[in-house]
Amino acid sequence: MSDRPTVSLDELPSILEEGRRELAAAADPEGLRTAEQSVLGKRSPLAGLRASLGRLDPSERPAAGQRIERALHELRGLAERRRDELAEDQRRAALVADRLDLTEVVVDQVLGPIRRGHLHLVTQTQHELEDTFVGMGFEVAEGPEAETDWYNFEALNMPPGHPARGMWDTFYLKLGRPETVVLRTHTSPVQIRLMEGAEQEGRLPIHSVMPGRCYRRETPDARHLAIFHQIEGLVVDRHITFGDLAGTIETFTGAYFGPDIHSRLRPSYFPFTEPSAEFEITCTICHGAGCRTCSQPGWIELGGCGMVDPAVLAAVSIDPSQWSGFAFGFGIDRCAQMRHGIADLRSLMENDVRFLRQF
Ligand code: DAH
């Protein structure tokens, strides 16, 4: 005797219906395998019916057998189609999961508001200084950071061995003959490049500022860095006087630092200007009253300036009897320090975002 349950053929329609429902309800390949097992497997009601055929009258067997085979055939077909559908669903889901949309907008609520960075304080300061000078009618120019001895020293009236070279602690590069290529110690060599170009191409006069990075063999402290930034100014035109220089410096000081900050010039020496001056501005910390930052006088030195030395004009073949000019140069990092009351310049180089984010 078989241990399969015997089932009456009258139940075939409901068995078929239940089989269809179970197969259609399978939600994934695993579920479909279970449904197939229960609908078509050895212990399924249909298998039971088939096994009980032998107990029917022989004349009824072919018709009953055919009905059971048709039901089996239909359910096998349904299982096959369901298998295809589920495979297709899976393939689609995998495609969606793997999709890399480069144009996708990251939704704020999911990842939090996107924190954009911003320009470094020194870059911001450089741009503000450029804007101020552009507003006064200057153009902006740039030059290389690795310079030849000629541009950094010689054309600026400092021949080899000139004692004034000692004013700059220089990094020499191992390029060409020894001590012929340097990391520029100031932005003044860009003056020479501008004058050379303008003279050769007939583009005089010049009214330009030249910002950029400079290098000196210096031990960094609260007010000095070995890598720092300067902005240079140069005007070469007809009938330029020391009064034009003083007026330009005063106009700039008020425009950049505010109307209560003023400038003053004190005699000094630079090999490439004659006469030369240091320019100072009202101390931005004490507004002239005297404090520790300015060591009491109420004035703080910002940079150097003067009338372009005729020897410098001659070095670039500009006729000093036709043209005259003034020049100035000062530290961009220093400006940022004074404007924002930064105690130690080294903070600008340490890349601590807690410091940088404040500006
Ligand atoms: N290059 C000088 C320095 O780095 C600053 C300077 C002085 C620039 C006088 C000038 C100038 O253009 O006329 O110390």
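One structure accompanies this document, and this report is about it. These numbers come from a predicted model, not from an experiment.

The next thing to look at is the packing of helix 1 (residues 12-25) against helix 4 (residues 61-98). Contact geometry for helix 1 and helix 4: axes closest at 9 Å, N-to-C directions at 10°. The orientation of helix 1 with respect to helix 4, classified from their angle, is roughly parallel. Along the contact surface, helix 1 presents Leu-12, Pro-13, Leu-16, Gly-19, Arg-20, Leu-23 and Ala-24, while helix 4 presents Arg-67, Ile-68, Ala-71, Glu-74, Leu-75, Leu-78, Ala-79 and Arg-82. Across the contact of helix 1 with helix 4, the residue classes break down as ten nonpolar, one polar and four charged.

This model, assessed by the stated rule, comprises 14 aromatic pairs. Each residue in the set Phe-133, Phe-138, Phe-252, Tyr-256, Phe-257, Phe-279, Phe-328 and Phe-330 is aromatic and connected to the rest through ring pairs, giving one cluster. The ring of Tyr-151 is capped by Arg-193, whose NZ or CZ atom sits 3.9 Å from the centre of that ring. Directly above the ring of Trp-323 sits Arg-238, whose terminal nitrogen or CZ lies 4.0 Å from the centroid.

Attention now goes to the site of the ligand. Near the ligand you find 16 residues, and of these His-186, Ser-188, Arg-216, Gln-230 and Glu-232 are the closest. Relative to its unbound accessible area of 360 Å², the ligand is 93% covered by the protein chains. Residues of the shell around the ligand, tallied by class, amount to six nonpolar, eight polar and two charged.

Applying the stated rule across the entire model yields zero disulfides. Cysteine Cys-286 is unpaired, with the sulfur of Cys-283 as its nearest cysteine sulfur at 3.7 Å. In this model Cys-335 remains outside any disulfide bridge; the closest cysteine sulfur is found in Cys-214, 13 Å from its own.

The topology assignment puts Arg-82 in helix 4. If sequence neighbours within four positions are ignored, Arg-82 has contacts with Leu-23, Ala-24, Ala-26, Ala-27 and Leu-32.

Grouped together as the largest cluster of nonpolar side chains are 41 residues, with contacts concentrated most on Leu-129, Phe-133, Phe-252, Phe-257, Leu-302, Phe-328 and Phe-330. The element that contributes the greatest number of residues to this core is helix 9 (residues 242-257), accounting for five residues. Apart from the residues within four sequence positions on either side, Phe-257 is in contact with Phe-252, Ile-281, Thr-284, Leu-302 and Cys-335. In terms of nonpolar packing, the next biggest core, distinct from the first, is built from 27 residues, Tyr-151, Met-195, Val-236 and Leu-313 among them.

Here the focus is unusual backbone geometry. Residue Pro-205 is bonded to the preceding Leu-204 through a cis peptide linkage, with omega at 0°. Here Pro-205 shows up in the loop between helix 8 (188-201) and strand 5 (206-215). Across the junction of Glu-274 and Pro-275, the peptide omega takes the value -5°, indicating a cis bond. Residue position: Pro-275 is located in strand 8 (residues 273-282). At His-239, a position not held by glycine, the phi torsion is positive, near 60°. Its identity is not glycine, yet His-287 carries a phi of approximately 55°, on the positive side. On the secondary structure map, His-287 appears in the loop between strand 8 and strand 9 (299-308).

Following the sequence through the fold, Gly-304 ends up in strand 9. In the structure, Gly-304 is positioned 72 residues away from Glu-232 in sequence and 9.6 Å away in space, judged by C-alpha atoms. Ignoring any residue separated from it by four or fewer positions in sequence, one finds Gly-304 in contact with Phe-270, Ala-277, Glu-278, Phe-279, Ala-327, Phe-328 and Gly-329.

Another aspect to go through is the sheet that holds strand 4 (residues 181-183). Spatially, the three strands line up as an open sheet ordered 2-4-3, and their pairing is antiparallel. The two strands at the open ends of the sheet, each matched to only one other strand, are strand 2 (146-148) and strand 3 (171-172). Of the strand pairs in this sheet, strand 2 and strand 4 are connected by three bridges, and their pairing is antiparallel. Looking across to strand 4, one finds that Ala-146 is bridged to Leu-183.

About the thresholds
Residues numbered from 1 in each chain as written. Predicted model: local features only at pLDDT ≥ 70, side-chain atom pairs only at ≥ 80, totals over all residues. Heavy atoms only, no water. Axes fitted to C-alpha atoms, helices over the stretch in contact; angles between N-to-C directions. Helix = DSSP H or I, 4+ residues; strand = E, 2+ residues; numbered from the N terminus. Parallel < 35°, antiparallel > 145°, perpendicular 65-115°, else oblique. Contact = heavy atoms within 4.5 Å. Nonpolar A, V, L, I, M, F, W, Y, C, P; charged D, E, K, R; others polar. Phe/Tyr/Trp six-rings, centres within 6.5 Å; stacked < 30°, edge-to-face > 60°. Lys NZ or Arg CZ within 6 Å of the ring centre and 35° of its normal. Near = heavy atom within 4 Å. Areas by Shrake-Rupley, 256 points an atom, 1.4 Å probe, with all protein chains shown as cover. Disulfide = S-S within 2.5 Å. Core = buried A, V, L, I, M, F, W, Y, C linked by side-chain atoms within 4.5 Å. Buried < 20%, exposed > 50% of the residue type's maximum accessible area, 1.4 Å probe, protein only. Pairing = 2+ DSSP bridges.

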